[in-house]
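# Residue-level structural notes
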Amino acid sequence: MRNQFRTGLRAGIAMAAMIIAAPAFAEDDVSASAAAGSDVAADGDEIVVLGRGEARQVQELGAADIALEVSGISPLKAIEKLPGVNFQAADPFGAYEWSARISIRGFSQNQLGFTLDGIPLGDMNYGNHNGLHISRAIISENVGRVEVAQGAGALAAASASNLGGTIEFFSREPSEELGIEASGTWGSDENKRAFVRFDSGNIGAGGPRLSLSYVWQDADKWKGDGVQRQNQVNARIVQPVGDGQFFGFVNYSDRRENDYQDLSKEMIDRLGYSWDNYAKNWDFAVTIAKIYQNQVARAGYDAGIANGSIPAGTPFTAPYAGFGTTFPGPVQTVDDAYYDAAGLRKDWLAGVGVDVPFNEHWSMKVQGYYHGNEGRGLWFTPYVTTPGGAPITIRTTEYEIERYGIVASSVFTLGANSVEIGVWYEDNDFNQARRFYGLADTANRPSRGSLKFPTDPLATQWDFDFNTQTLQYHVQDTLDLGAFQINAGWKGLRVINRATPLVSGGLASGRTEAKDWFLPQAGLLYRLNDDNEVFASYTQNMRAFESSATGGPFATTQAGFDALDLKPETSTTYELGFRTKSSRFQGVIAGYYVDFKDRIIAFANGSGIQGNPAILQNVGDVRSWGVEAAGTFRVTPDLSLFASYAYNDSQYQDDVLNAAGAIVVPTAGKTVVNSPRHLAKGEITWDNGTLFARVGANYTSKRYYSYVNDASVGSFVIVDASIGYRFTDKISVQANATNLFDKRYVSTIGTNGFANSGDSQTLLAGAPQQFFATLKVGF
C-alpha cells in the first residue's frame, strides 16, 4: 500500500509540475541586478543570467532560483544546472560535506576558487585547511546571487587555487524596509528545519540597516542510523555614508553530521546501495573488531611459523577466544563497515569594511576579515584497540584555523578606460592532528558518542602547526569603445607554506613556496548589434601548494617530500563564445581549450580509515577541450524552458615515471578521474503569480575513479520537481521532490581518493526519492 501511495504521489507531482512548472519571480533587489545583465525580457524577470556584456564565459543565478529548491539546499547544488558544472552529493541538500564534490571542465574542487562577498573561502575541501564550506559560511536563504566563471575567473577573486574557474557567492543586503521572514520545512527521514530573518529597515534618516537570521535543521540519515544537524546565525549591518557605506557581518555555524559508509562497486553488488555503518548495533561492531584482531594475530602466527621466529608446534592463541577468524555473513572484510563516523565543525566568520565612491572617477572598497574554526572528523576504527577496553578506538582528524586577511580594490574611470587595482593578503595559522580516543569495554552502546568533541586522547599519531601567508595583487584596464570592449590585466601571487611538527608521525615538514608575479588575463567583447555578441578570453593561473597533513606535498613521508620535484600547478585557458538574446530567448555557446601543467595526483594507499600517507606524483600535463551551451526560452509570460549541455574531453598527457624513467602508472591518454564527458540539464518552469512549479532533469555520463580508467560508474538521470501556491505576496506553501523517480545510482566518487587501477572503496550512493513541504510567511 505504501509503495502504491509513493508511486501515485510522485506521478502526481511530476504531472502537476510538468503542467504548471516554474521559477518564482526574483525578489526586487535580485531582479534588478539580473535585468541589468540579461536584457532578455522587458520586465527583467529572468533569474539565470548568461553573462551578457562579459568577455568570458560566466553565468549568474539569483536568489529566486535557489528559493525554488528544497529549503536548506547548498548553493552549489543549485548551480549544477549551469553548463560544465558537475556537482554530486549523497544527501538531497548537497550540504553533506564528506560527499559534496564539484568539478568544472575536468578541474576538481581544490583547483577552483570560492569567495563570499569577496572574502576567500579557500578550496572548500572536507579537510578544511584554508577556509570553510559555503553551507557553513552563510544560510542558504541569505544568498542573494551566485556567479560562476567556468574558465576565466575575475582577476580580483581572492583565491590561490582557481586554476579552473571561480564561484563567487554574494549575500543579500539588509532590507530598507522593516520586516520578518520565517519558514518551516518538514520532510522525508524526519527532516525538520526552521528559518527566521529580521530586517530592521532604515533606523532613522540616514541611519543603519540591520539583518539578523537564524536557522535550525535536524534530519535523520536516509539509510543507517545517524543525524545531520546544524545551527547557524547570520548578522549583517550597513551604515550609509553619503553615496558609500560602511558594513560589517558576523556568521556562526555549528554543524554535526554522521557519515555514510563509503562503498566500492563490489560492495554495492554484494551488499546493495542501502548498506551502511553498524550504528546502533555496537555489539555486532565489537564482534567484527574482535574477529579482525584474531585474523591479525593469526597472520602474524603463520608468518612466524613460516620464517622460524615461532617454534614449530607452538599452538596459536587468539587474543579474543571464542570469536574465531571468520566474519559472519554478509561481511567479508573489516572495511565493509565500521561502527560509526561523523564530522563536527564550528565556525566564526566575520568582517568589516567600507565601500565608497570619492567622486565620479574614483571609488574604493576595503574589507578585513577573520575566520576561526574548530573541527573533528571521527571514525570508530577497528584497526587500533583500546588497551584494557574495547577492540575499537575513535580515530580523529582535528582542525583548528585562525586566519585574518584584508581585501582591497580601487577603480579609476578615465574616459573610456576603467582601471582597477587591488590587493589581497592573508595570514592563516592551521593546526591539524591525528589522535585516538579510548573506548570502554561496554555492552549495547559505546562509552563515547559520535557527535561530541572527544577529550582525553589515548595517543597522538601526528600533530602539525601550519602557517600560510598569501599575497596577491592585480591590475586591470577595461576599455569600452562601444562595439568593442577590451579587458587586459594581470595578477601576481605568492604563497609561502610552513609545516612545523609537534608530533611528526613520519610525515613531512618543511617549507614550500609558489610564486608568479605576472599571470596575465585578456578578454575581447565584440557587440555585433544590440542582440548578439562574440567574446574571447585568455587566462593564466597558478595553484598554490596545500598546507595540510592530509593533502598536498606535506601529506607524505619526509623521504617522499624530499624526493618531489615540486612545481606549482599552472593552467592556460583559451575561450571563444557567442551570446544572443531576443524578447523570448537568450543563449550562449562557448568553446575552450585548457593546457594544465605539473598536475600533481595523489594515489590512495590503503583504506581511508587507516590514514596511510598518500603517494604523490607529478603526472605532467593535462589537456582539456570542450563545448558548453545554455539557453532560456520564454514560451509564454508564464511558461519558460531552460537547457544546458557541456562536452568535456580531459586527458592526462604523460605517464607517471620513477626516478629511472620507467613507467609506474600508464596514465598517458587516460581520461581525468571524475570528469564526465557529457553533462545535460533541462527545466520546464511555470509561474502565473499565484501557482508556480518546476520540473528539472540532470544527466551525467560515465565517470572514472581509477587513474588508468579500469574502474568507472555509469551514467544516470535524476529528476527533481517543485510545486507551490502563493496566498499573498508574504505567505506561500511549497512542496519539493528530489530524485522523483527513485533512481539508484552512485553520486560521489573519490571520497577516499583515487587508486591507480581497479575497484576501491571510494564511492557514495545517491539519496533516494524524498519529499519535503515548506510554509513561508512574512510580515
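The structure under discussion appears in the preceding block.
These lines cover the structure that appears in this document, whether it is placed above or below. Since the model is a prediction, treat every value here as computed from it, not as a measurement.

This part covers the environment of Asp 218. Checked against the element boundaries, Asp 218 lands in strand β11 (residues 209–220). Judged by relative accessible area, Asp 218 falls into the buried class, the value being 12%. Asp 218 sits 32 residues away from Trp 186 along the chain, and the two C-alpha atoms are 9.8 Å apart. Discounting residues that sit within four places of it in the chain, Asp 218 has contacts with Glu 190, Asn 191, Lys 192, Gln 228 and Arg 229. At 2.6 Å, the side chain of Asp 218 and the side chain of Arg 229 are in polar contact.

Turning our attention to helix α7 (residues 282–307). Its 26 residues place the ends of α7 38 Å apart at the C-alpha level, agreeing with the 38 Å of an ideal helix rising 1.5 Å per residue. Buried within α7 we find Trp 282, Ala 285, Val 286, Ile 288, Ala 289, Lys 290, Ile 291, Tyr 292, Gln 293, Asn 294, Tyr 301 and Gly 304. For α7, the elements touching its buried residues are β15 (362–381). Where α7 terminates, the next one or two residues include Gly 308, which has phi positive at roughly 85°.

This paragraph deals with the sheet that holds strand β2 (residues 58–62). What the six strands build is an open sheet, ordered β1-β2-β7-β8-β5-β6; its pairing is mixed. The open sheet has two edge strands, β1 (48–49) and β6 (119–120), and neither has a second partner. Looking at chain direction, strand β5 (residues 113–116) and strand β8 (residues 166–171) are connected through four bridges and run parallel. Bridged to Gly 113 within β8 is Thr 166.

Taken as a whole and assessed by the stated rule, the structure comprises eleven cavities of 30 Å³ or more. Reported here for the second largest cavity is a volume of approximately 500 Å³. As for the second largest cavity, its lining consists of 35 residues, and the residues nearest its centre are Glu 69, Lys 77, Glu 80, Ile 718 and Asp 720. Of all the elements in the fold, those that place two or more residues in the lining of the second largest cavity are α4 (75–78), β3 (85–88), β28 (678–687), β29 (691–700), β32 (716–726) and β33 (731–738). Residue composition of the lining of the second largest cavity, grouped by class: 17 nonpolar, nine polar and nine charged.

Before going further, it helps to spend a moment on the pattern of salt bridges. Across all of its chains, the model carries 44 salt bridges by this definition. The partner of Glu 69 in a salt bridge is Arg 694, and the shortest N-O contact between them spans 3.2 Å. A residue pair is termed long-range when its members are at least 10 positions apart, and Glu 69 in the loop between α3 (63–67) and α4 and Arg 694 in strand β29 qualify at 625 residues. Side by side, Glu 69 and Arg 694 carry an identical accessibility label, which is buried. Among the ionic pairs, Arg 677 bridges to Asp 649, the shortest N-O distance being 3.3 Å. Here the residue Arg 677 occupies a position in the loop between β27 (663–665) and β28, and Asp 649 occupies one in strand β25 (residues 639–652), the gap between them amounting to 28 residues. By relative accessible area, Arg 677 is classed as partly exposed at 29%. Looking at Asp 649, the relative accessible area reads 12%, which means it is buried. Bridged by salt links that share partners, the residues Glu 54, Arg 56, Glu 60, Arg 145 and Glu 147 form one connected network.

With the rule as written, the count across this model stands at 33 aromatic pairs. With a centroid separation of 5.9 Å and 75° between ring planes, the pair formed by Trp 98 and Trp 379 is classed as edge-to-face. Taken together, the positions of Trp 98 in the loop between β3 and β4 (101–104) and Trp 379 in strand β15 put the pair 281 residues apart, joining distant regions of the chain. Pairwise contacts between aromatic rings join Tyr 399, Phe 430, Phe 464, Phe 466, Phe 554 and Phe 561 into one cluster. A cation over an aromatic ring shows up here: Arg 145 above the ring of Phe 170, its NZ or CZ 3.8 Å from the ring centre. Over the aromatic face of Phe 535 sits the side chain of Arg 579, whose NZ or CZ is 4.1 Å from the ring centroid.

Of the pairings in the sheet, the one linking strand β9 (residues 179–187) to strand β10 (residues 191–199) comprises nine bridges and is antiparallel in character. When the sheet's bridge partners are listed, Gly 179 is paired in β10 with Asp 199. Counted along the chain from β9 to the antiparallel partner β10, the turn is three residues long, and its residue Asp 189 has a positive phi close to 55°. Pairing of β9 with strand β36 (residues 770–778), which is carried by seven bridges, proceeds in the antiparallel orientation. Bridge pairing in β36 places Gly 184 opposite Leu 775.

Parameters and conventions
- Residues numbered from 1 in each chain as written.
- Predicted model: local features only at pLDDT ≥ 70, side-chain atom pairs only at ≥ 80, totals over all residues.
- Heavy atoms only, no water.
- Helix = DSSP H or I, 4+ residues; strand = E, 2+ residues; numbered from the N terminus.
- Buried < 20%, exposed > 50% of the residue type's maximum accessible area, 1.4 Å probe, protein only.
- Contact = heavy atoms within 4.5 Å.
- Polar contact = N/O pair within 3.5 Å; in protein donor to acceptor, adjacent residues only side chain to side chain.
- Expected span 1.5 Å × (residues − 1).
- Pairing = 2+ DSSP bridges.
- 1 Å grid on protein atoms, 1.4 Å probe; cavity = no way out; pocket = protein on both sides within 12 Å on 5 of 7 lines; lining within 4 Å.
- Points joined across faces, edges and corners; volume = space filled by probe spheres on them.
- Nonpolar A, V, L, I, M, F, W, Y, C, P; charged D, E, K, R; others polar.
- Salt bridge = Lys/Arg side-chain N within 4 Å of Asp/Glu carboxyl O.
- Phe/Tyr/Trp six-rings, centres within 6.5 Å; stacked < 30°, edge-to-face > 60°.
- Lys NZ or Arg CZ within 6 Å of the ring centre and 35° of its normal.

Everything listed is a geometric property; what it means functionally is a separate question.
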